[in-house]
Amino acid sequence: MYVSLKQVAGTSGVVGEELAQVQGVAVRLRMALQRRPGHRAITPWPASHGRIAVHAAAGEATAKKLCASCHTFNEGGKAGVGPNIYGAVGGDRAASAGFAYSNGLKGKAGKWGYEDLNEWLAKPSAFAPGTRMSFAGIKAADQRANVIAYLRTLSKSPVPLP
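None of these values were measured; they are calculated from a predicted model.

Calculation notes
- Residues numbered from 1 in each chain as written.
- Predicted model: local features only at pLDDT ≥ 70, side-chain atom pairs only at ≥ 80, totals over all residues.
- Heavy atoms only, no water.
- Helix = DSSP H or I, 4+ residues; strand = E, 2+ residues; numbered from the N terminus.
- Buried < 20%, exposed > 50% of the residue type's maximum accessible area, 1.4 Å probe, protein only.
- Contact = heavy atoms within 4.5 Å.
- Areas by Shrake-Rupley, 256 points an atom, 1.4 Å probe, with all protein chains shown as cover.
- Axes fitted to C-alpha atoms, helices over the stretch in contact; angles between N-to-C directions.
- Parallel < 35°, antiparallel > 145°, perpendicular 65-115°, else oblique.
- Nonpolar A, V, L, I, M, F, W, Y, C, P; charged D, E, K, R; others polar.
- 1 Å grid on protein atoms, 1.4 Å probe; cavity = no way out; pocket = protein on both sides within 12 Å on 5 of 7 lines; lining within 4 Å.
- Points joined across faces, edges and corners; volume = space filled by probe spheres on them.
- Arc of directions from axis to C-beta.
- Left-handed = near helix turned anticlockwise from the far one by under 90°.
- Phe/Tyr/Trp six-rings, centres within 6.5 Å; stacked < 30°, edge-to-face > 60°.
- Lys NZ or Arg CZ within 6 Å of the ring centre and 35° of its normal.

Trainee: It is not clear to me how the overall build of the chain should be interpreted in this structure. Could you clarify?
Mentor: Of regular secondary structure, the chain possesses seven helices and zero strands. Reading the secondary structure of the chain in the N-to-C direction produces α-α-α-α-α-α-α. Of all 162 residues assigned to the chain, the portion counted as buried reaches 38%. Within the chain, contacts between residues at least 6 apart in sequence are counted, and of these 45% link residues at least 24 apart. Total accessible area on the chain stands at roughly 8,800 Å², and carbon and sulfur atoms take up 56% of it.

Okay, here's the thing in structure tokens:
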């Protein structure tokens, strides 16, 4: 069963729609069940929040298919066409050693949060105008949530889910 974003937010109108988009990401990520060896499963929210199928393993497959031609995922991995993305979730933006970031992304100071990653993965050029990343984005919200769930596992201390 999938939860509609309006159902999650419980509000309506423009503000409600924006809130629903943010909460939808949070719900998808909170429901993630990590399937990587050595990682424990995440306790899902109560059934009243609905079940959304999000899996770090599916995100890993998607990331390797869509991202591995430019990015590395291992701790201490070298930058290629794109930066190494180990520790990206909760890490500083435009801060991977050995990579020359575009001014578009350098101008987006702060840390990579779940909502930011969702927006970035949906359409990088909209999140950071002027970025050199030519990737068009991942349209499907569930695929983005899967990828973010996988990226979260790429850390010695994964950031708590929203």
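Trainee: Is there a simple way to explain the packing of helix H3 (residues 56-66) against helix H7 (residues 141-153) in this structure?
Mentor: Helices that pack against each other are described as a pair by the angle of their axes relative to one another and the distance between those axes. Relative orientation of the contacting elements H3 and H7 amounts to 95 degrees, with a least axis distance of 7 Å. For the element pair H3 / H7, the angle class is roughly perpendicular. Of H7, the residues touching H3 (which contributes Ala56, Ala58, Gly59, Glu60, Thr62, Ala63 and Lys64) are Gln143, Asn146, Val147, Ala149, Tyr150 and Thr153. Grouping the amino acids of the contact of H3 with H7 by side-chain chemistry returns six nonpolar, five polar and two charged.

Trainee: Looking at this model, I keep getting lost on the layout of surface pockets. Mind explaining?
Mentor: Empty space left among the atoms is revealed by rolling a probe the size of a water molecule over them. Approximately 720 Å³ is the volume found for the largest pocket. Lining the largest pocket are 35 residues, with His71, Pro83, Ile85, Trp120 and Met133 positioned closest to its centre. Going through the elements one at a time, helix H5 (114-122) and H7 are the ones with two or more residues in the lining of the largest pocket.

Trainee: Before we go on, may I ask you to explain H5 in this structure?
Mentor: Note that an α-helix has 3.6 residues per turn; residues three or four places apart therefore point the same way. Every buried residue of H5 is listed here: Tyr114, Leu117, Asn118, Trp120 and Leu121. Summarising the axial view, the buried residues of H5 lie within an arc of 165 degrees, below the 170-degree limit, and thus occupy one face.

Trainee: In this structure, what is going on with the packing of H5 against H7? I would like to understand it.
Mentor: Packing of H5 against H7 brings their axes to within 10 Å, and their N-to-C directions diverge by 125 degrees. As judged from the angle between their axes, H5 and H7 are oblique. The handedness of the crossing between H5 and H7 comes out as right-handed. Between H5 and H7, the residues in contact are Tyr114, Leu117, Asn118, Leu121 and Ala122 and Arg144, Val147, Ile148 and Arg152, respectively. Classifying every residue of the contact of H5 with H7 gives six nonpolar, one polar and two charged.

Trainee: Is there a simple way to explain the packing of aromatic side chains in this structure?
Mentor: Two aromatic rings, taken as a pair, are described by how far apart their centres are and by the angle between their planes. If you walk through the whole model with that rule in mind, you get five aromatic pairs. With a centroid separation of 6.0 Å and an interplanar angle of 85 degrees, the aromatic rings of Trp120 and Phe127 are classed as edge-to-face. As far as burial versus exposure is concerned, Trp120 and Phe127 are alike and both buried. Clustering of aromatic rings is evident, with ring pairs tying together Trp112, Trp120 and Phe127. Against the face of Trp112 rests Arg93, its NZ or CZ located 5.2 Å from the ring centre. Lys108 extends its terminal NZ or CZ atom over the ring of Phe127, reaching a point 4.4 Å from the ring centre.

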